[in-house]
Amino acid sequence: MLCWLLELCHWRLFFRRLLTWRHLLTLLWRTVLLLGVYAAFLDFQDVQKWLPKMPTITLDGSRTFSFDAFMIYLTLQAISTVIEEAFCLARTYAYDLPGRMFKNNKKFFEGAAFGGVLGTATSAGYALMLDWPAEWASPLVAAATLVAAVLVAVPYSKLFGKGEASAREARYLIHNCVFWALIWLAVFIVFYEWIVPVVIKVRPDTLCLCPDEKIALTEALKKRCKFGSRLLCTTGVVMVWLSVIVINIVWVFACFQIMVLIYGIWRGKRDRVGNVKDWTDVQKYFLRIKLQCFPALSQCLASKHNQMVIWNWFMKSLYSEWLLDREEYEQLKITFRQLDKNESAKWELDEVERGVKYSNPLFLRRPRNEEARRRIIYFLWSLQAVAAAQRSDERADRNHKDHLNWQQANRVLAMPSLTILTPCAAEPVIYSVAELINPNHKGEANSSRHPRITVLEYLTSAYPDEWQNLCNWLKTKLHENPEDGDACLLTQSHHQVLSMFLEEDPRLMSSEFLVLQIRLWASFHGQTLVRLIRGVMHWRQGLELLAALENAAYPEELRMPDQHVQQLLSTKFQFLLCHQIYNQPSGQVQTKDMELLFEHHYLSLHKFDLVYPDDHDRYFSRIRRWDGSEECIERPGPMRPNPPFPTEPKAENQNHAIPFANGQVVGVLDMNQTCPMEDAFKVPFLLNRYFTPAAKVFTTPFGADIKANDVINPYRVVGFAEWQYTRGLSMVGEVAGQAEFCFTSIHQRVCRWPLRARLHYGHPDFLDGHWVRTRGGLSHASHLVNTAEDVFAGYEVVGRGERVEYVEWLQAQKGKESAIGPAFLFEKKLAQAAAQQMRSRDLYWLNQRAHAFLRFGLFFGTYGFYIYNTLMAMSIHLYIIAVVFFALSGVTNHDLGVNQSTLAVPWLFQVGFLFSFPLIVELSIEKGMIQGFLHFLRTLPFALVYHLFQLQTKAAFFIEGLVRGKGGYIASQRGFGLDRTTFVDIYTTYASSHVHPGINLLFWIGLYAGYSQLTLAEISLRCFFIVMVGVCWIGAPILFNPHPTMEHLTQDINEMLAWLGNPLPTTKDIAFLLFEEHKRKDVNREHADRNKREVTTKTLRQWVEAQRGTSWMAWYMNEVLLGPWGDEEMWLSIVGLLFQESILGFLSYSPWLFWAYWASPSLSYSVWFAIPILLCLMFFSILNQWLPHVHENFNILKLYVPLAAFGFALHFILAWKVRLKEVFFYLLFYCILYALIVDMCVSGWNFSVKFTNYMQRTRFTCKGLATQKRTAQHEDSIWFNRLRIPRFLFDIQKLYPVVALALFTLINGTLCLFKSTLTSMLYCPAVANAWDRAAAKPQMPQGLPPAEFNLDMDTMESLLAAINAEKSQ
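Chemist: Would you take a moment to explain the overall build of the protein for this structure?
Modeler: Check the secondary structure of the protein and you find 55 helices and 17 strands. Taking all 1369 residues of the protein together, the buried fraction comes to 54%. Taking the intrachain contacts of the protein between residues at least 6 apart in sequence as the baseline, contacts between residues at least 24 apart amount to 79%. Summing over all exposed atoms, the protein offers an accessible surface of approximately 62700 Å²; the carbon and sulfur share of this is 61%.

Chemist: Any chance you could explain the nonpolar core here in plain terms?
Modeler: Nonpolar side chains in soluble globular proteins tend to be buried together. Trp 311, Ile 376, Phe 575, Leu 686, Phe 766, Phe 1040 and Phe 1304 are the most contacted members of the largest nonpolar core, which totals 275 residues. Looking at which element gives the most residues to this core, the answer is helix 10 (residues 225–270), with 19 residues. Apart from residues no more than four positions distant in its own chain, Phe 1040 is found in contact with Met 731, Val 732, Ile 820, Phe 942, Val 945, Tyr 946 and Leu 1322. Counting 18 residues, the second-largest nonpolar core is a separate cluster that includes Cys 578, Val 666, Leu 767 and Leu 778.

Chemist: Please clarify how empty space enclosed by the protein should be interpreted in this entry.
Modeler: If a probe as big as a water molecule is rolled over the atoms, it shows which places are left empty. Applying the stated criterion across every chain, the model contains 6 cavities of 30 Å³ or more. What lines the largest cavity is Cys 471, Leu 474, Lys 475, Leu 478, Leu 489, Val 497, Leu 508 and Leu 514. Here the lining of the largest cavity is built from residues that sort into 7 nonpolar, no polar and 1 charged. There is about 60 Å³ of room inside the second largest cavity. Residue lining of the second largest cavity: Pro 428, Tyr 431, His 525, Gly 526, Gln 527, Thr 726, Leu 729, Arg 974, Gly 975 and Phe 976, and that is the complete set. When the residues that make up the lining of the second largest cavity are grouped by side-chain class, the tally is 4 nonpolar, 5 polar and 1 charged.

Chemist: Mind showing me how you'd approach helix 30 (residues 731–752) here?
Modeler: Within an α-helix, residues lying three or four positions from one another point in the same direction, as the helix has 3.6 residues per turn. For helix 30, spanning 22 residues, the distance from its first C-alpha to its last is 30 Å, which sits close to the expected 32 Å at 1.5 Å a residue. Residue Phe 743 marks the point of greatest curvature in helix 30, where the axis turns by about 30 degrees.

Chemist: Please explain unusual backbone geometry as it appears in this structure.
Modeler: Outside of glycine, negative phi angles account for most residues, and trans bonds account for most peptide bonds. Cis geometry is found at the peptide bond from Trp 753 to Pro 754, where omega equals 15 degrees. Take Pro 754: it is sitting in the loop between helix 30 and strand 14 (765–768). A positive phi angle, close to 60 degrees, is found at Ser 604, a residue other than glycine. Mapped onto the secondary structure, Ser 604 falls in the loop between helix 25 (588–599) and strand 8 (609–615). Positive phi values are uncommon outside glycine, yet Arg 756 reaches one of about 55 degrees. Among the structural elements, Arg 756 can be located in the loop between helix 30 and strand 14.

Chemist: So what exactly am I meant to see when it comes to the packing of helix 40 (residues 929–964) against helix 41 (residues 983–1011) here?
Modeler: Two quantities define a packed helix pair, namely the angle between the axes and the distance from one axis to the other. For the pair helix 40 and helix 41, interaxial distance at closest approach is 10 Å and the crossing angle is 125 degrees. Here helix 40 lies oblique to helix 41, going by the angle between them. Classified by chirality, the crossing of helix 41 by helix 40 is right-handed. Contacts between helix 40 and helix 41 involve Phe 949, Gln 952, Thr 953, Ala 956 and Phe 957 from the first element and Tyr 990, Ser 993, His 994 and Pro 997 from the second. Of the residues in the contact of helix 40 with helix 41, the class split is 5 nonpolar, 4 polar and no charged.

Chemist: Explain the environment of Arg 507 here, please?
Modeler: Take Arg 507: it is sitting in helix 21 (residues 506–509). Beyond its immediate stretch of four places on either side in the chain, Arg 507 contacts Asp 486, Cys 488, Leu 489 and Met 500. Side chain to side chain, Arg 507 and Asp 505 meet in a polar contact 2.9 Å long.

Chemist: How do you make sense of the sheet that holds strand 10 (residues 630–634) when you look at a structure like this?
Modeler: Paired through their backbone hydrogen bonds, the strands of a sheet run either parallel or antiparallel. With respect to topology, 10 strands assemble into an open sheet ordered 10-9-8-7-6-11-14-13-15-12, the strand pairing being mixed. Among the strands making up the open sheet, the edge pair consists of strand 10 and strand 12 (673–674). Sheet analysis places strand 6 (residues 418–424) next to strand 11 (residues 665–668), joined by 4 bridges and oriented parallel. What sits directly across from Thr 419, in strand 11, is Val 666. Across the sheet, helix 23 (residues 529–552) is in contact with strand 6, strand 7 (573–579), strand 12, strand 13 (717–724), strand 14 and strand 15 (804–814); its angle to strand 7 comes to roughly 165 degrees. Sitting on the sheet, helix 24 (residues 562–572) touches strand 6 and strand 7, and the angle it makes with strand 7 is about 45 degrees.

Chemist: Can you help me understand the pattern of salt bridges in this one?
Modeler: Pairing between side chains of opposite charge can happen when the charged atoms of each approach one another. According to the stated counting rule, one finds 33 salt bridges in the structure shown. The partner of Arg 622 in a salt bridge is Glu 630, and the shortest N-O contact between them spans 3.9 Å. In this structure, Arg 716 and Glu 802 form a salt bridge, with 3.5 Å as the shortest nitrogen-oxygen distance. Taken together, the positions of Arg 716 in the loop between helix 29 (708–711) and strand 13 and Glu 802 in the loop between helix 32 (791–799) and strand 15 put the pair 86 residues apart, joining distant regions of the chain. Each member of the pair, Arg 716 as well as Glu 802, is classed as buried.

Chemist: Would you take a moment to explain a nonpolar patch on the surface for this structure?
Modeler: On the surface, Ile 174, Val 178, Leu 182, Leu 185, Phe 188, Ile 189 and Tyr 192 cluster together to form a nonpolar patch covering roughly 590 Å² of accessible area. In this structure, Phe 188 sits in helix 7 (residues 166–199). The exposure class assigned to Phe 188 is partly exposed, which follows from its relative accessible area of 39%.

Chemist: Would you mind showing me how to read the packing of helix 12 (residues 304–320) against helix 23 here?
Modeler: It is the contact of helix 12 with helix 23, at a shortest axis distance of 11 Å, that shows an interaxial angle of 170 degrees. Put simply, helix 12 runs roughly antiparallel to helix 23. Between helix 12 and helix 23, the residues in contact are Asn 306, Val 309, Ile 310 and Trp 313 and Gln 541, Leu 545 and Leu 549, respectively. Residues belonging to the contact of helix 12 with helix 23 are distributed by class as follows: 5 nonpolar, 2 polar and no charged.

Chemist: Can you help me understand the packing of aromatic side chains in this one?
Modeler: Aromatic ring pairs are described here by two measures, namely the spacing of the ring centres and the angle between the planes. Inspection of the entire model under this criterion finds 58 aromatic pairs. Relative to Tyr 329, the ring of Tyr 319 lies with its centre 5.3 Å away and its plane at 20 degrees, an arrangement referred to as stacked. Within this pair, whereas Tyr 319 is found in helix 12, its partner Tyr 329 is found in helix 13 (residues 326–332), the two being separated by 10 residues in sequence. Accessibility classification places Tyr 319 together with Tyr 329 in one group, the buried group. Here the guanidinium or amino end of Lys 316 rests over the ring plane of Trp 313, the centre of that ring lying 6.0 Å away. The ring of Tyr 172 carries the charged tip of Arg 756 above its face, separated from the ring centre by 4.2 Å.

Chemist: Just to check I follow, could you spell out the confidence of the model for the protein for this structure?
Modeler: For residues with low pLDDT, the predicted coordinates do not support detailed interpretation. Taken over all residues, the pLDDT of the protein has a mean of 77, while the share at 70 or more is 70%. Scored below 50 in pLDDT, residues 1083–1093 makes 5 contacts in the model with residues more than four places away or belonging to other chains. Note that pLDDT drops below 50 for residues 1340–1352; the model gives that stretch 28 contacts with residues more than four away or on any other chain.

Chemist: Even after reading the chapter, I still don't get helix 33 (residues 820–838), so can you show me in this structure?
Modeler: Between its first and last C-alpha, helix 33 extends 27 Å over 19 residues, near the 27 Å set by a 1.5 Å rise per residue. Buried residues dominate helix 33, accounting for 16 of its 19 residues.

What counts and what doesn't
- Residues numbered from 1 in each chain as written.
- Predicted model: local features only at pLDDT ≥ 70, side-chain atom pairs only at ≥ 80, totals over all residues.
- Heavy atoms only, no water.
- Helix = DSSP H or I, 4+ residues; strand = E, 2+ residues; numbered from the N terminus.
- Buried < 20%, exposed > 50% of the residue type's maximum accessible area, 1.4 Å probe, protein only.
- Contact = heavy atoms within 4.5 Å.
- Areas by Shrake-Rupley, 256 points an atom, 1.4 Å probe, with all protein chains shown as cover.
- Core = buried A, V, L, I, M, F, W, Y, C linked by side-chain atoms within 4.5 Å.
- 1 Å grid on protein atoms, 1.4 Å probe; cavity = no way out; pocket = protein on both sides within 12 Å on 5 of 7 lines; lining within 4 Å.
- Points joined across faces, edges and corners; volume = space filled by probe spheres on them.
- Nonpolar A, V, L, I, M, F, W, Y, C, P; charged D, E, K, R; others polar.
- Expected span 1.5 Å × (residues − 1).
- Bend = angle between axes of the 7 residues up to and from the residue.
- Axes fitted to C-alpha atoms, helices over the stretch in contact; angles between N-to-C directions.
- Parallel < 35°, antiparallel > 145°, perpendicular 65-115°, else oblique.
- Left-handed = near helix turned anticlockwise from the far one by under 90°.
- Polar contact = N/O pair within 3.5 Å; in protein donor to acceptor, adjacent residues only side chain to side chain.
- Pairing = 2+ DSSP bridges.
- Salt bridge = Lys/Arg side-chain N within 4 Å of Asp/Glu carboxyl O.
- Patch = residues over 30% accessible without salt bridge, like charges linked within 9 Å, V, L, I, M, F, W, Y side chains within 5 Å.
- Phe/Tyr/Trp six-rings, centres within 6.5 Å; stacked < 30°, edge-to-face > 60°.
- Lys NZ or Arg CZ within 6 Å of the ring centre and 35° of its normal.
- pLDDT = per-residue confidence, 0-100.

Okay, here's the thing in structure tokens:
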């Protein structure tokens, strides 16, 4: 069934001629096979006899054995699967082309196929002969298959495989068989032994019988018991079965997470992760690590003097980054002095070498800065991991010790050349003074809002010790060079320096040196480009120091001059920065900052090469090297991140810089990443271990027979760990960093081994430079489908049978989103990217050709995570609908058994296995059990809200990307999240994905509470988690909105009420307004004849899009009416979208219609109640839409028609004695029906407009359909026709924003009572105090200048008055 669904999901590829007719034949074969298996299963269960009777044989003269079609199918399928998967393994890892890896391991998998078939057939026959039950026979067959495959494969490969290392493949096969067998066995046991016995009783014929004595309904509702309650009960049974399917699928992922935890703990301890957990371990193990592990980095570090140099350099880097103060730096560094006569080492930590006494640090006082402590702890345990890897290499290459010793003594000389490549565009390089001291919210130069905290205030409050260290360092510099600043600054405290900078005191601002250092300090704490440059320059300096130490270890006559060492480093290390807008009009600020780094050499931030496009008369890619030289390469065309041939910007930017990369290895770093200096000493070891040929290549005499596999380095991608440096900025940054921490640690650890499914995810990776240059670049750049462009390089590596490695003893730092808005955009992009991956040919052919273990690993390691999040979000709706319908139809808990508790299982898995348990386990590995659990508890409440919110984000946009093809790069707006988001912005951003589903959940819960016979305590216990889910979906953006106050709440309410009541003019009125506005601007503009604007459809559309924040109608038309239909081109896609919109609309409204129909006493005579209201609406719609010029002739009818309709309805209510409750149900039923009809009419209208336009551009030829490309004129006609929909139809949709406003007010009003405490928890107490001080400042004068397409209200009203005057004339 899964294979059939896979074939079905790629129908778009076939209709775009990307797949052949083989695709349809495969789909047909899968369909026939699926039906046959289903028939055999029904026959096996004695449910339906659709297949002919199978023959019977006699055993031992007395026993008879009858063949069963289903069991025969299972046996044949098992045998064919073993054969197919064995040869898929051989095909994946055993290319016969020259230079391929594992080309001889084909014999191993051939032997595994023979042995597996033999074991499967023997064990299956044995189980059938003994008539064993299925629960015993299945593990026997699986175990026998595995044992036989390994027992036959190893000797077979030894005999016929030319002596390759088959033990590694045997371990891989055994581990994967155990890994996946345990997962599927646990799934089978839980599903077969627990879920099925409970749910099999939930059937319509057992639950939905409706005798009068069973159902506790009123007398009026018993008349429709035969249909209404049975309909609800049957719908509830369907929801239960769907929930059970979701439970089983989610349980698969939960079992996968359990196995990831088990293997992750084992692999982590094997790799020495967390051997040094806290400062006590630093005191205990420092001397042992220094003596035993430093020499693994380089043989020259066996010297105590060189060990002192490396350690002190590390401490100096912490001091230069302001993580240590002067006293801590002096305490932590190693000191030395000449040993006096007759003197020996008195202390345990003292060491003597060549008459010099080295005093190691005592570590009695730990540093105040948490980041400094973390880096020292990580550096020490990572050295243990490096030493373990070095010992493993020595054991593996015992016959080539001479080469290994030479390589260990010359790490920098022997390492392959490395190029660090980073793409960037409009990201900030260095924060300007205005950005640091601006107290206004984003986009509000002058507003009535209270000023927010400035960026510099926020950073100094979040990093108070580092700010104090910077001020002390600046005072030291002023003592050394008094001309760098005013002498009065020497007496100022760090608080006074901050106030002087915020107030732009001339005594401070007159010093260019001091202002630049403060700007750099703030930029080093944000996601800026200069932070990355500093980190990579630290790597360069570390390599330079290691090369100098290795050179100094040689005798003086064999040493290279210092100039040659610098030349060697220039050939071994290159930092390539590919800047997309350098020297462009849109990048003037970035260009100025880059020039500043090039000019100020004393900052040591200038040794990088800059690649940028230079497109004037011809298309060039130009490189500016740090030594001043320039080169250029002509491109065949422009870079294409924009229409008419769009590509993914990052991938295009990377690929155009690859010709300038000189390194044999290409390191990929994003601009929001950086490199700690201490890891520079481990880079040569990594490059020598994974990107150099085998040792015997260097020791084999020239002319000897050397295999291609020995010459080519074994790995194509080597990834390493990450640390999220934004975790301390806010609670959102902490929680998002925790999720990323789990992915980049325990998850990738297991994906590397035993799954071999670790890919390139855009994280810090090293790639084989030759492979990158000959396989199409670092990543694919096609638009939409390559939204996650980096992962396709991983698919390319895995699909070609290459190897990927992952290490945790090297680490880069990365910035994550520290506010809920950017985090939402980032998850939205990833969810849409996962959907686009499922539509790609890469995944299609991997699923067709790869073996089962690799397919499982790729599924659970990539897009499967989003599938499970989507299923869990869907299961929440299924659960609450099933519970409500059972309650309404009279089904009790006794009838359901334990099914009510069964349905709640998926969310326990979501909270536990997908978030809690992996984080707790990894924190316990690295910090210890107690510290890890306490750290987890500190963030648990906010983490729960955040992950429930992002659960819906993944689900909503994964479905949108899968069904509608949405995707593309989304700028996540990296920043500090200091700007408050208004209610209007919250609603317009999260309405369709979070707010509307959350309101629906709360409506269902209110309905259940109103009609259920249970007590309030029972209802709260059963629905508590659903209520929490709905509140989290609606209130998470408000909870993480910084510093809530009553003033902000009042302003947000007034703004949203104005937003709801602001009408959008008609299309003709908008054109007139823009024409008048342009004419007014042209009168005041000099040279009005140049670049004169025209009022076109594009300008009208831009104007309507610009009004989304000022008018609900503009937002609704853009996001709901026009948005989903914007990108569809093919007629089949349009039909599919119409079908999808209709199905989603029916699923959204049908449960409410069922309930309203059940709850209403009688709908037969309610039509007479609805007819006058319907006629009244029709009268006003005709008058407003088609007869606007005769309004004055119908003034009397405008008054009497509503009165007549109201009187007729009132007479009907009084005559038939309709109760008020019944009137409420009538209104609700018809409102829901009206909304459903409106949605279907809108979908039909959009379909007719686009399909008509498509048919106008399509003509039939002998070769098929020939469609003309859509032009601007076609877009104009589509846009105008779609906006002709009568707007009065949509007023009913304002119910959602009105309810949302009430919920926003309730949540925000509650949070305002705890604003200081909440801000302290979301940030820190110092930030909360700074925010209170900022809120106490006087407000800015109100006055917002009109934007280019945003007319102010006075101008709008005057122009509308002029329009009405012209119409009346």
